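Architecture and fold: a report
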Amino acid sequence: MDYSGNKDAGIEFNLQFDRNVANIHTSIPAIIQSVDYANQTVSAIPAIQIKVVDPNTKIVRYINRPLITNIPMALSWSEGLGMGTTMPYRIGDKCTLMFAERALDNFLITGEISAPADGPTPETCTIRCFDEADAMCFPGIITKAKIPNYSPDAVEIRNADKSSLFSLSNSSLTLKQGSASITIANNKITIVGDIEHTGNQTTSGDVVAGGISLKGHTHKYNPGPGSPTPTQPPE
């Protein structure tokens, strides 16, 4: 639209356009405020404030965005297989909120292809688009508190100091808790720590404990006078 002959109208159009664009929500970092594990939802406050300019004084101030509630968790989960990975959320955790292009209400209820919900003026057949009410929570944004000892070569499930760790690389698999660990690498399983075992154990090879072979060891006994005589290895 050409506003070259009306400067004020052009300015007003730009202002209205900017206001409308500001209400189109795509994604934003946020901080989790509460967690509902039963329903797999969270509430969160977007972490980027709103800029407000007083039209009379032109004074600029920044205010917090409102709390968003009933946000579904985004999880790596296959409903068809009934398996996946879960992750605990904590109050204060950072996350990314992604805002759906259309209203999620009906889809979240049915889990099927659904009609969108009406927008703020249903009489004009509008539908809700890019609205803060249609957020989805993706956990984990790293800000000033970086992850220590980040592995460039392995996929890891771990705590901060790696005292509890599951590590998968192209050459090894490691499971660790405290000082105990199991590592599979180079066609060998290495176990560090004490072992408590319940049930039977079958092996086709030898078992060596303290340098003594289970298959080849002998005992000495004294059937009568004279020096002790070694027994035959176990069969």
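For the structure, see preceding data.
The paragraphs below set out a description of the structure included in this document. (Residues numbered from 1 in each chain as written. Predicted model: local features only at pLDDT ≥ 70, side-chain atom pairs only at ≥ 80, totals over all residues. Heavy atoms only, no water.)

Overview of the pairing of strand β14 (residues 188-192)
Look at any regular strand and the pattern is simple: side chains alternate between the two faces of the sheet. Relative to β14, strand β13 (residues 180-185) runs antiparallel, the two sharing five bridges. Residue pairing for β14: Ala 185 is matched across the bridge by Lys 188. The antiparallel pairing of β13 with β14 creates a hairpin that spans two residues between the two strands, and Asn 186 there sits at a positive phi of about 55°. (Pairing = 2+ DSSP bridges. Helix = DSSP H or I, 4+ residues; strand = E, 2+ residues; numbered from the N terminus.)

A few points about the pattern of salt bridges
Taken as a whole and assessed by the stated rule, the structure comprises six salt bridges. Linking Arg 65 and Glu 132 is a salt bridge whose minimum nitrogen-to-oxygen distance equals 3.8 Å. Separated by 67 residues along the polypeptide, Arg 65 in the loop between β4 (60-63) and β5 (68-72) and Glu 132 in the loop between α2 (105-110) and β9 (135-139) bring together distant segments of the chain. As far as burial versus exposure is concerned, Arg 65 and Glu 132 are alike and both buried. With its nearest N and O atoms 3.7 Å apart, the salt bridge here joins Glu 101 to Arg 102. Taken together, the shared-partner salt bridges connect Asp 105, Arg 128 and Asp 134 into one network. (Salt bridge = Lys/Arg side-chain N within 4 Å of Asp/Glu carboxyl O. Buried < 20%, exposed > 50% of the residue type's maximum accessible area, 1.4 Å probe, protein only.)

Digging into the nonpolar core
Nonpolar side chains in soluble globular proteins generally cluster together in the buried interior. The biggest cluster of nonpolar side chains holds 14 residues, and the ones touching the most others in it are Val 42, Ile 71, Leu 97 and Cys 137. Sorting the residues of this core by element identifies β1 (27-36), β2 (41-46), β5, β8 (94-99) and β9 as the ones contributing at least two each. Beyond its immediate chain neighbours, meaning those up to four positions away, Cys 137 contacts Ile 32, Val 42, Ile 71, Pro 72, Met 73, Ala 74, Tyr 89, Cys 95, Thr 96 and Leu 97. (Core = buried A, V, L, I, M, F, W, Y, C linked by side-chain atoms within 4.5 Å. Contact = heavy atoms within 4.5 Å.)

Considerations on the sheet that holds β8
Read from one edge of the open sheet, five strands run β5-β2-β1-β8-β9, paired in antiparallel fashion. Whereas interior strands pair on both sides, the edge strands pair on one side only; in this sheet they are β5 and β9. Between one strand axis and the next, the sheet turns by 50° as a mean value, whatever way the strands run. Relative to β9, β8 runs antiparallel, the two being bridged by five bridges. Its bridge partner being in β9, Phe 99 is matched across the sheet by Ala 135. (Axes fitted to C-alpha atoms, helices over the stretch in contact; angles between N-to-C directions.)

By themselves, these figures tell us nothing about what the structure is for.
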